[in-house]
Amino acid sequence: MKKLLGASTIVALSTIALTACGGSDDSQGSTGSPTKLVVSTWGFSEDFFREEVYAPFEKEHNVEIVLDIGNNAERLNKIRQGTADIDVVYLSDFYAQQAINDDLFEKIDRSNIPNLEEIYDIAKAPLGEDYGPAYTIGQFGIAYNADEIDGEISSWADLWNSNLANNLTIPGITTTTGPMFLDAASKVAGEESFNEDAAFAKLEELSPNIVKEYDKTSDFVNMFTQGEIAAGPFMEMYFNDLKEAIPAAKFVAPSEGGYAVMNTVNIVKDSKNKELAEEFINFQLSKDIQETTAKAKIDSPVNTTVELTDEEAEGITYGQDVIDGLNQLDMAEVNENSAGWIERWNQEIAK
């Protein structure tokens, strides 16, 4: 006759079985379905970012990153309209300030982003302590084809040289860099602080040199490679595209100072993954990721612990001295005056 098992023995065996099957809550949390994190970003170098930035984060945090691709204006409008469920958004500081004005961002908890301590001061809170950092800083300067220009270009003022007649492009006022070039025109006019009237008058003087304005970097690259233009204000972060197409291309940090072009990363209002989004921002600022993107010549690093050789640093904005020499616009002031500048630009300058 078989002996019956006692109740205590059954309980013990059941506990062992559950443990062996991984039935605890902790085990389910580590092996469950990945959390979706929706990231709104530009489309450039998408394959690189998927492999070198997103994939390592996905693996480390059991996350599936879903991308929403488009330019600054398109993606900002999606957030305004609520037509996309976005957690993290990359925007230039010009557009990020508009989002802040419209109360579209969550306030970040800086204690969850310890890598902020390792980045340039200018990048830590470009739009205020409540909002995200700049994960890269580019330089807005001048690119030109040395084979097509008599002499050298070394300053913003050189763009007014008659040698560039009908050989120049400038950014439109609605672009990220449009207000920067407006400020540069004020400097060329001899003003110590921004003077709107002086800037617009100086831009009118430039009119004979301008072929047309450009709204996208790709438009500049196309005009440059096809010989339609020989020079123009340009962002250093895209210079390698020019150099590859035209070996004689040169990039200049103007003597009056280039401008800091800061791309920010922020958390969208009412994101259900705020802490995970903060971990993602921290990951983006880490030395490993910053070094990887810099060496690939895709993003200039803001992490001050990244060390590059002269060859690795060529074509990107790198080093404390370089950063300290950049002009920085007040984006709140830029957005406050933007509508008036656009109206005046369209009446007096637009080509």
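Quick caveat: nothing in here was measured; it's all calculated off a predicted structure.

### Focus: the overall build of the protein
Working step 1: For the protein, the helix and strand inventory stands at 15 helices and nine strands.
Working step 2: Each principal axis of the C-alpha atoms in the protein carries an extent, and together these give about 110 × 40 × 35 Å.
Working step 3: Burial analysis of the protein (351 residues in total) assigns 50% to the buried set.
Working step 4: Restricting the contact set of the protein to residue pairs at least 6 apart, pairs at least 24 apart contribute 72%.
Working step 5: When the accessible surface of the protein is summed, it comes to about 16,900 Å², and 44% of that surface belongs to carbon and sulfur atoms.
Working step 6: Positive and negative side-chain charges of the protein, numbering 25 and 62 respectively, have mean locations separated by a distance of 8 Å.

### A short note on the packing of aromatic side chains
Working step 1: On inspection of all chains with the given rule, the structure shows 23 aromatic pairs.
Working step 2: Ring centres of Phe 44 and Phe 49 lie 6.1 Å apart, and the angle between their planes is 75°; on these two criteria the pair is classed as edge-to-face.
Working step 3: Classification of Phe 49 as buried rests on a relative accessible area of 9%.
Working step 4: By way of ring pairs, the aromatic residues Trp 42, Phe 44, Phe 48, Phe 49, Tyr 54, Phe 57, Tyr 90, Tyr 135, Tyr 238, Phe 280 and Phe 283 are connected into one cluster.
Working step 5: Across from the ring centre of Trp 42, 5.0 Å away, lies the NZ or CZ of Arg 75, which sits over that ring.

### Describing the nonpolar core
Working step 1: By size, the foremost hydrophobic cluster in this structure holds 67 residues, and its most contacted members are Phe 140, Trp 156, Leu 159, Phe 181, Leu 203 and Leu 242.
Working step 2: When residues of this core are assigned to their parent elements, the largest contribution, six residues, is made by helix 7 (residues 178–188).
Working step 3: Discounting chain neighbours no more than four positions away, the residues touching Leu 242 are Ala 143, Phe 220, Val 221, Phe 224, Phe 234 and Ala 249.
Working step 4: Counting residues in hydrophobic clusters, the runner-up holds 37 residues, among them Tyr 90, Ile 289, Ile 298 and Leu 326.

### Concerning the pattern of salt bridges
Working step 1: Tallying each qualifying case throughout the model produces 15 salt bridges.
Working step 2: Asp 103 is paired through a salt bridge with Lys 269; the nearest N and O atoms lie 3.4 Å apart. Here the residue Asp 103 occupies a position in the loop between helix 5 (93–101) and helix 6 (121–124), and Lys 269 occupies one in the loop between strand 9 (259–267) and helix 11 (274–284), the gap between them amounting to 166 residues.
Working step 3: On the accessibility criterion, Asp 103 (45% relative accessible area) is partly exposed.
Working step 4: Since its relative accessible area comes to 36%, Lys 269 is described here as partly exposed.
Working step 5: The residue Arg 344 makes a salt bridge to Glu 196 at a minimum N-O spacing of 3.1 Å.

### Quick word on unusual backbone geometry
Working step 1: If you check the backbone angles, Asn 166 has positive phi at about 55° while not being a glycine.
Working step 2: With respect to the helices and strands, the residue Asn 166 is situated in the loop between strand 4 (134–145) and strand 5 (168–171).
Working step 3: You can call Asn 166 exposed: its relative accessible area is 53%.
Working step 4: Located in the positive-phi region is Lys 297, a residue other than glycine, with phi close to 60°.
Working step 5: Note on placement: Lys 297 falls in the loop between helix 12 (287–295) and helix 13 (310–313).
Working step 6: Accessibility expressed as a relative area gives 26% for Lys 297, which makes it partly exposed.

### Some details on the packing of helix 5 against helix 15 (residues 331–348)
Working step 1: It is the contact of helix 5 with helix 15, at a shortest axis distance of 9 Å, that shows an interaxial angle of 80°. In this view, helix 5 runs roughly perpendicular relative to helix 15, as classed from their interaxial angle. Contact residues: helix 5 offers Asp 93, Phe 94, Gln 97, Gln 98 and Asn 101, while helix 15 offers Met 331, Ala 332, Val 334, Asn 335 and Ser 338.
Working step 2: Here the contact of helix 5 with helix 15 is built from residues that sort into four nonpolar, five polar and one charged.

### Notes on the side chain of Asn 282
Working step 1: With respect to the helices and strands, the residue Asn 282 is situated in helix 11.
Working step 2: In contact with Asn 282, other than residues within four places in its own chain, are Asn 112, Ile 113, Pro 114 and Asn 115.

### As for the confidence of the model for the protein
Working step 1: For the protein, per-residue confidence averages 91 on the pLDDT scale, and 91% of positions sit at 70 or higher.
Working step 2: In this model residues 1–30 is a low-confidence stretch, pLDDT under 50, and it forms seven contacts with partners more than four residues away in sequence or in other chains.

Calculation criteria
Residues take numbers from 1 onward in each chain, read along the sequence in its written order. Side-chain atom pairs in this predicted model are given and counted only at pLDDT of 80 or more, local residue features only at pLDDT of at least 70, and totals for whole chains, interfaces and linings cover all residues. Note that water and hydrogens are dropped before the side-chain values are worked out from all heavy atoms of the structure. Secondary structure counts use DSSP, requiring at least four H or I residues in a row for a helix and at least two E residues in a row for a strand, with both numbered from the N terminus. Any residue under 20% of the maximum accessible area for its type is buried, any over 50% is exposed, and the rest in between are partly exposed; the area is computed with a 1.4 Å probe on protein chains only. Residue contacts are defined here by distance: any two heavy atoms, one from each residue, within 4.5 Å place the two residues in contact. To be clear on the numbers: accessible area is Shrake-Rupley with a 1.4 Å probe, and residue cover counts the displayed protein chains and nothing else. Neither His nor the chain ends contribute to the count of charged residues, in which Lys and Arg are positive and Asp and Glu negative. The atom standing in for a charge is NZ when the residue is Lys, CZ when it is Arg, CG when it is Asp and CD when it is Glu. Only centres within 6.5 Å qualify two rings of Phe, Tyr or Trp (six-membered ring in Trp) as a pair; their planes then separate them into stacked at under 30 degrees, edge-to-face at over 60, and tilted for everything else. The rule for a charge over a ring is simple: NZ of Lys or CZ of Arg within 6 Å of the ring centre, and within 35 degrees of the ring normal. In this description, a nonpolar core means a group of buried Ala, Val, Leu, Ile, Met, Phe, Trp, Tyr and Cys residues linked to one another through side-chain atoms lying within 4.5 Å. By definition, a salt bridge exists where a carboxyl oxygen of Asp or Glu is found within 4 Å of a side-chain nitrogen of Lys or Arg. All axes are obtained by fitting lines to C-alpha atoms, using only the stretch in contact for helices, and the reported angles, taken between N-to-C directions, cover 0 to 180 degrees. An angle below 35 degrees is read as roughly parallel, one above 145 as roughly antiparallel, one from 65 to 115 as roughly perpendicular, and any other as oblique. Three classes are used, and their members are as follows: Ala, Val, Leu, Ile, Met, Phe, Trp, Tyr, Cys and Pro are nonpolar, Asp, Glu, Lys and Arg are charged, and the others, Gly among them, are polar. pLDDT is a per-residue confidence score from the predictor, ranging from 0 to 100.

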